[in-house]
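Next come the chains, spelled out residue by residue.
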Amino acid sequence: DQQVKQNSPSLSVQEGRISILNCDYTNSMFDYFLWYKKYPAEGPTFLISISSIKDKNEDGRFTVFLNKSAKHLSLHIVPSQPGDSAVYFCAASANSGYALNFGKGTSLLVTP
Amino acid sequence: KAGVTQTPRYLIKTRGQQVTLSCSPISGHRSVSWYQQTPGQGLQFLFEYFSETQRNKGNFPGRFSGRQFSNSRSEMNVSTLELGDSALYLCASSLAGQLHQPQHFGDGTRLSIL
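Values in this document were obtained by computation on a predicted structure and should not be read as measured data.

About the thresholds
- Residues numbered from 1 in each chain as written.
- Chains lettered and ligands numbered in written order.
- Predicted model: local features only at pLDDT ≥ 70, side-chain atom pairs only at ≥ 80, totals over all residues.
- Heavy atoms only, no water.
- Salt bridge = Lys/Arg side-chain N within 4 Å of Asp/Glu carboxyl O.
- Patch = residues over 30% accessible without salt bridge, like charges linked within 9 Å, V, L, I, M, F, W, Y side chains within 5 Å.
- Areas by Shrake-Rupley, 256 points an atom, 1.4 Å probe, with all protein chains shown as cover.
- Helix = DSSP H or I, 4+ residues; strand = E, 2+ residues; numbered from the N terminus.
- Buried < 20%, exposed > 50% of the residue type's maximum accessible area, 1.4 Å probe, protein only.
- Core = buried A, V, L, I, M, F, W, Y, C linked by side-chain atoms within 4.5 Å.

A.B. asks: Tell me about the pattern of salt bridges, and name the residues and values.
C.D. replies: All names here are of chain B. Throughout the structure, instances matching the rule amount to 7 salt bridges over all chains. Between Glu75 and Arg67 there is a salt bridge whose closest N-O contact spans 3.3 Å. Linked by salt bridges that have partners in common, Arg63, Glu82 and Asp85 make up one network.

Written out as structure tokens, the structure is:
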């Protein structure tokens with residue numbers, strides 16, 4: 001049973017515009033959420049995280065928003081760059097960082 | 001600072017054999033987790049070790065096992081290999097003892113079963 005869902009398998013955005021990647025979860029015990037970026041033939045690279053006591057976290061061009069009542073989080077990338085083209089995974093944990101539950105990923109393509 | 005190192009990068013085995021994969025965490029990281037990535041199931045949690053003890057375990061059969069050594073290095077073993085075990089096996093490490101520490105991944109071991 002998939003507890004973390006990324007319903008858009010792919011997304012295409014023009015360079016300079018905003019990329020918005022979405023993620024939904026079903027387990028109300030999740031208290032820590034992360035986004036990872038993955039290039040082919042490499043492991044996932046940690047991007048940004050948020051704990052359930054917050055609703056927003058920013059790091060440079062990346063912002064994660066958490067809506068606990070809707071069990072939804074999103075990653076905003078502004079402005080998008082061609083180097084951001086990769087697969088983005090949403091992950092969640094019910095025990096503060098271990099045993100991550102991953103979504104199936106969204107492939108982002110940023111075109112010049 | 002060196003990242004998470006996994007060896008070997010690629011492995012080819014046949015059904016019925018067993019395999020051992022190795023993971024060296026980031027220096028100072030004491031928690032090591034293992035994940036299986038397949039096209040159909042995505043990334044799935046196998047188990048997590050801390051101080052040589054398995055703390056968390058995912059829903060995988062007993063053929064999948066692991067251990068952690070005193071220097072935090074970890075190994076994962078799969079016995080009686082099946083075709084469905086073909087996957088990318090990823091190891092991740094994190095600081096332990098603190099809340100909400102992100103896991104950092106290695107580049108994985110690609111296991112192919114013939």
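A.B. asks: Go over a nonpolar patch on the surface, please, and point to the residues and values.
C.D. replies: Residues and elements named next belong to chain A. On the surface, a cluster of nonpolar side chains totalling about 230 Å² of accessible area is made up of Ile18, Ile20 and Val78. When you line up the elements, Val78 lands in the loop between strand S8 (72–77) and strand S9 (86–93). Using a relative accessible area of 42% as the deciding quantity, one classes Val78 as partly exposed.

A.B. asks: So, the nonpolar core: which residues are in play, and what are the values?
C.D. replies: Among the nonpolar cores identified, the biggest contains 23 residues, and A:Phe33, A:Trp35, A:Leu73, A:Leu75 and A:Tyr88 are the most heavily contacted of them. Put simply, the parts of the chain that give this core at least two residues each are strand S3 (19–25), strand S4 (32–38), strand S5 (45–51), strand S7 (62–67), S8, S9 and strand S11 (106–111) of chain A. Among the elements that make up this core, the one with the highest residue count is S9(A) (4 residues). Counting residues in hydrophobic clusters, the runner-up holds 21 residues, among them B:Leu21, B:Tyr89, B:Cys91 and B:Ile113.

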